[in-house]
Amino acid sequence: EFDEESRKPTFNFKSYMLQRAESVNQALDAAVSLRDPITIHEAMRYSLLAGGKRVRPVLCLAACELVGGSESMAMPAACAVEMIHTMSLIHDDLPCMDNDDLRRGKPTNHKVFGEDVAVLAGDALLAFAFEHISLSTVGVSPARIVRAVGELAKSIGSEGLVAGQVVDIDSEGLSDVGLEQLEYIHLHKTAALLECSVVLGSILGGGSDSEIEKLRTFARYIGLLFQVVDDILDVTKSSQELGKTAGKDLVADKVTYPKLLGIEKSREFAEKLNKDAKEQLAGFDPEKAAPLIALANYIAYRQN
Amino acid sequence: SSSPSISAQSSSLKFDLKTYWTTLIADMNQKLHEAIPIRYPEQIYQSMRYSVLADGAKRASPVMCVATCELFGGNRLAAFPTACALEMVHAASLIHDDLPCMDDDPSRRGQPSNHTIYGDDMAILAGDALFPLGFQHIVSNTPSNLVPEPRLLRVITEIAQTVGSTGMAAGQFLDLEGGPEAVEFAQEKKFGEMSQCSAVCGGLLGGAEDDELDRLRRYGRAVGVLYRVVDDILEEKMKGGDDGDGEGKKKGFSYVKMYGVEKAMEVAEQLKTKAKQELDGFEKYGDGVVPLYSFVDYAVDRGFSVS
């Protein structure tokens, strides 16, 4: 599924993703060990190690290497963004939120461990993301690590991820949600953490301010792209294909790009975002930029 | 080594803790008010502000953090952002603890709890936003000329561990799960952790050495647990010793319920002694140690009301 659309014959995206996801999985497994109290750590690991494509951590690692850093400099940050992503899914799935029973093809966290443990496991993953990046990042100046911590915090709080979720909840069932508000939701709910993943990688890898900002813009485009494609998949694919409940946006009466623009125009919009994203990479070494270009294509053309 | 300790304890009598504390409460309330401005989407900021700026908040963590920072000659400006962060992450924990799926507490400090006003979904999100806001606040507002970055990273690590899976989240989990061995540990986690973290963070920001941080860690934990044990004793005495079915306001474990008043008073005495012992040797820093002694005495005698 990964090699579709990969551009350069010299770059094998499928094996790149598999190898990268494997290192991320190993790092996550090692980072969140089974400790007392066992149940909380089991719940954390249940969702964190449930598979998933590890798009965010891989973006983080790829951005780090693009600006001249090594994998080890960004691995704790890569794990941290995946912990945050997982935490937001656990809380999002709760009955008082989206009330989802299925996630990545498995029962959701609260279905297995109960709502109380699910809330705590999410909180613990959030806290651990900050502990991990602060304590375990090596080979990077403390000033850059502090900057990365600030960036992560800003991306996931009330100016970022949470803001998107709040406006999303407010928009449910409303008939007059426009493109601007939809874009606000996605830029915060989805793009913020993707952007953060790329920015963290470029900060920790030693990128210059102008490199970091170019990559930030790149990530913002692919973040929005990610959501447009998600919306399209939600109406065109089955639950089994997606590994999560399909059509739930329709059931929840959520506004989506297909609903506002139609499927065709949504696809065109996705094409444009992909193109705009890649333009940001024009000034970088093409060989080192290959993984990010392929990731953008993957996000644009993925089937689940 | 007992004579400097005695002199510090006697100047503790002259030290006006109430003024020290109430002045810091006013400072903290102002800083927290500025730290959480209302923006779009407004309801999340209102929900965050509702809990962080609740009337009657004692700001015990900030006071502890500022005092331990100043003990080592640190500028309190170095401690304020972390002091704010401690209140933010603590509020986040409490908001989540009160949820129907957790302790199911409709009120907190005599006010409706966060989810009662804003709904369960917003309460979840307000907590999820307050945790990172704490870290963001430290990074953005700590004067870089006062605190070197490696120290700042240790502060962030300390706070993350305090609220995380082996800290307060563990305490809450064990409290929910119950069981005879879990309860005491749960109380330590829930009530010793914040105080311990506040003391250690202040020390880190003030430039304390590692062995001094270890002392502050034990001191802070003892003070936090002491405060709670005395709370339980006072509540029991207010009930007039009727320890039958008259269920107290607090849910969960209480030292008094577990061991009776006599034993709880013994535990309190031990904690008081232990906390003060940990301060031995800090006299070399001068009068800065006096507030730390006074916190121990206050935890026991509650000489005044700060809220």
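### Some thoughts on the overall build of chain B
- Looking only at helices and strands, chain B features 13 helices and two strands.
- Evaluated residue by residue, chain B yields a buried proportion of 56% over its 307 residues.
- Long-range pairs, those at least 24 residues apart, make up 73% of the contacts in chain B between residues at least 6 apart in sequence.
- Of the roughly 12,400 Å² of accessible surface on chain B, a fraction of 50% belongs to carbon and sulfur atoms.

### Quick look at the pattern of salt bridges
Residues and elements named next belong to chain A.
- Here the structure, examined in full by the defined rule, presents 31 salt bridges over all chains.
- A salt bridge links Glu-279 to Lys-275, with the nearest nitrogen and oxygen atoms 3.4 Å apart. Placement of both Glu-279 and Lys-275 in helix H14 (residues 263-279) is noted, with a separation of four residues, approximately one turn of the helix.
- Overall, Glu-279 belongs to the partly exposed group, its relative accessible area being 47%.
- Counted as one network, the salt bridges with shared partners bring together Glu-151, Glu-195, Glu-213, Arg-216 and Arg-220.

### Overview of helix H13 (residues 290-301) of chain B
All names here are of chain B.
- With 12 residues, H13 should reach 16 Å at 1.5 Å per residue; the first-to-last C-alpha distance of 16 Å fits that figure.
- Burial runs high along H13: 10 of the 12 residues are buried.
- Taken together, the buried positions of H13 are Val-290, Pro-291, Leu-292, Tyr-293, Ser-294, Phe-295, Val-296, Asp-297, Tyr-298 and Ala-299.
- Directly after H13, the chain includes Arg-302, whose backbone phi takes a positive value near 45°.

### Some remarks on the environment of B:Lys190
- With respect to the helices and strands, the residue B:Lys190 is situated in helix H10 (residues 182-206).
- Given the relative accessible area of 16%, B:Lys190 is considered buried.

### Here we look at unusual backbone geometry
- Here the bond from A:Asp36 into A:Pro37 is cis, since omega is -10°, no more than 30 degrees from zero.
- By secondary structure assignment, the location of A:Pro37 is in the loop between helix H1 (13-31) and helix H2 (38-48).
- Cis geometry is adopted by the peptide bond preceding B:Pro41, which originates at B:Tyr40 and carries an omega value of -10°.
- Assignment of secondary structure puts B:Pro41 in the loop between helix H2 (17-35) and helix H3 (42-52).
- Its identity is not glycine, yet A:Arg54 carries a phi of approximately 60°, on the positive side.
- Structurally, A:Arg54 is set in the loop between H2 and helix H3 (55-66).
- The backbone phi angle of B:Asp104 is positive, close to 50°, even though this residue is not glycine.

### A look at the nonpolar core
- Core analysis: the biggest nonpolar cluster contains 152 residues, and A:Met83, A:Phe130, B:Leu130 and B:Tyr219 have the highest contact counts within it.
- When residues in this core are grouped by element, the largest group, 13 residues, is from helix H6 (residues 115-136) of chain A.
- Those residues in contact with A:Met83 that sit more than four places away from it in its chain are A:Leu28, A:Ala31, A:Val32, A:Leu48, A:Leu125, A:Phe128, A:Ala129 and A:His132.
- A:Phe218, A:Phe226, A:Ile232 and A:Ala270 belong to the second-largest nonpolar core, a separate cluster that totals 43 residues.

### Comments concerning the environment of A:Ala62
Residues and elements named next belong to chain A.
- Here Ala-62 shows up in helix H3.
- Separated by 136 residues in sequence, Ala-62 and Val-198 have C-alpha atoms that sit 7.9 Å apart.
- Filtering out sequence-adjacent residues up to four positions away, Ala-62 remains in contact with Tyr-16, Arg-20, Pro-291, Leu-292 and Leu-295.

### Details of the interface of chain B and chain A
- Taken residue by residue, the interface counts 42 residues in chain B and 46 residues in chain A.
- Carbon and sulfur atoms make up 75% of the surface buried where chain B meets chain A, a total of about 3,700 Å² over both sides.
- Per-residue buried area on chain B facing chain A is highest for B:Leu153, B:Ser165 and B:Phe173; these three make up 15% of the total on that side.
- Taken together, the connections running from chain B to chain A amount to one salt bridge.
- Its salt-bridge partner being B:Arg39, residue A:Glu159 comes within 3.5 Å of it at the nearest N-O pair.
- Across the contact surface, chain B and chain A share seven residue pairs in polar contact (both at pLDDT 80 or more).
- Looking at the side of chain B that touches chain A, the elements that each hand over two or more residues are H3, helix H7 (120-141), helix H8 (149-163) and helix H9 (168-177) of chain B.
- If you tally residues by element for the side of chain B that touches chain A, the top one is H7(B), at 12 residues.

### A word on the side chain of A:Glu82
- Summarising the element assignment, A:Glu82 is placed in helix H4 (residues 71-92).
- Those residues in contact with A:Glu82, other than ones at most four positions away along the chain, are A:Leu28, A:Leu48, A:Arg54, A:Arg56, A:Pro57 and A:Arg104.

### Considerations on the packing of aromatic side chains
- Under the defined criterion, the tally for this structure stands at 17 aromatic pairs over all chains.
- Taken together, a centroid distance of 4.9 Å and an interplanar angle of 65° make the contact between B:Trp21 and B:Tyr298 edge-to-face. Pair noted here: B:Trp21 is in helix H2 and B:Tyr298 is in helix H13, with a separation of 277 residues, a long-range link. Grouping residues by exposure puts B:Trp21 and B:Tyr298 together as buried.
- Judged by centre distance (6.4 Å) and plane angle (90°), the rings of B:Trp21 and B:Phe304 are edge-to-face. Of the two residues, B:Trp21 is situated in helix H2 and B:Phe304 in the segment after H13; the sequence distance between them amounts to 283 residues.
- Grouped by ring-pair contacts, the aromatic residues B:Trp21, B:Tyr227, B:Phe295, B:Tyr298 and B:Phe304 constitute a single cluster.
- A cation over an aromatic ring shows up here: A:Arg302 above the ring of A:Phe226, its NZ or CZ 4.0 Å from the ring centre.
- Looking at B:Lys31, its charged tip hangs above the ring of B:Phe80, at a distance of 4.7 Å from the centre.

### As for the packing of H4(A) against helix H9 (residues 179-204) of chain A
Residue and element names in this part refer to chain A.
- Their axes nearest at 8 Å, the elements H4 and H9 cross at an angle of 165°. What the angle tells us is that H4 and H9 run roughly antiparallel. Crossing geometry of H4 relative to H9 is assigned as right-handed. Residues Met-73, Ala-74, Ala-77, Val-81, Ile-84, His-85 and Asp-92 of H4 touch H9, and the partners they reach there are Lys-189, Leu-193, Cys-196, Ser-197, Leu-200 and Leu-204.
- Along the lines of polarity and charge, the residues of the contact of H4 with H9 split into nine nonpolar, two polar and two charged.

### Description of the confidence of the model for chain B
All names here are of chain B.
- Considering every residue of chain B, the mean pLDDT works out to 90; 90% of them sit at 70 or more.
- Residue range residues 242-249 is modelled with pLDDT below 50. Its contacts to residues more than four positions away, or to other chains, number seven contacts.
- On the interface metric, ipTM, the complex scores 0.92, and its pTM is 0.93.

### Considerations on the side chain of A:Ser197
Residue and element names in this part refer to chain A.
- Considering the arrangement of structural elements, one finds Ser-197 in helix H9.
- For Ser-197, a relative accessible area of 0% corresponds to the buried category.
- In this structure the side chain of Ser-197 is engaged in a polar contact, spanning 2.7 Å, whose partner is the backbone oxygen of Leu-193.
- Beyond its immediate chain neighbours, meaning those up to four positions away, Ser-197 contacts Arg-56, Leu-59, Cys-60 and Val-81.

Definitions and limits used
Residues numbered from 1 in each chain as written. Chains lettered and ligands numbered in written order. Predicted model: local features only at pLDDT ≥ 70, side-chain atom pairs only at ≥ 80, totals over all residues. Heavy atoms only, no water. Helix = DSSP H or I, 4+ residues; strand = E, 2+ residues; numbered from the N terminus. Buried < 20%, exposed > 50% of the residue type's maximum accessible area, 1.4 Å probe, protein only. Contact = heavy atoms within 4.5 Å. Areas by Shrake-Rupley, 256 points an atom, 1.4 Å probe, with all protein chains shown as cover. Salt bridge = Lys/Arg side-chain N within 4 Å of Asp/Glu carboxyl O. Expected span 1.5 Å × (residues − 1). Core = buried A, V, L, I, M, F, W, Y, C linked by side-chain atoms within 4.5 Å. Buried area = accessible area lost by both parts, 1.4 Å probe. Polar contact = N/O pair within 3.5 Å; in protein donor to acceptor, adjacent residues only side chain to side chain. Phe/Tyr/Trp six-rings, centres within 6.5 Å; stacked < 30°, edge-to-face > 60°. Lys NZ or Arg CZ within 6 Å of the ring centre and 35° of its normal. Axes fitted to C-alpha atoms, helices over the stretch in contact; angles between N-to-C directions. Parallel < 35°, antiparallel > 145°, perpendicular 65-115°, else oblique. Left-handed = near helix turned anticlockwise from the far one by under 90°. Nonpolar A, V, L, I, M, F, W, Y, C, P; charged D, E, K, R; others polar. pLDDT = per-residue confidence, 0-100.

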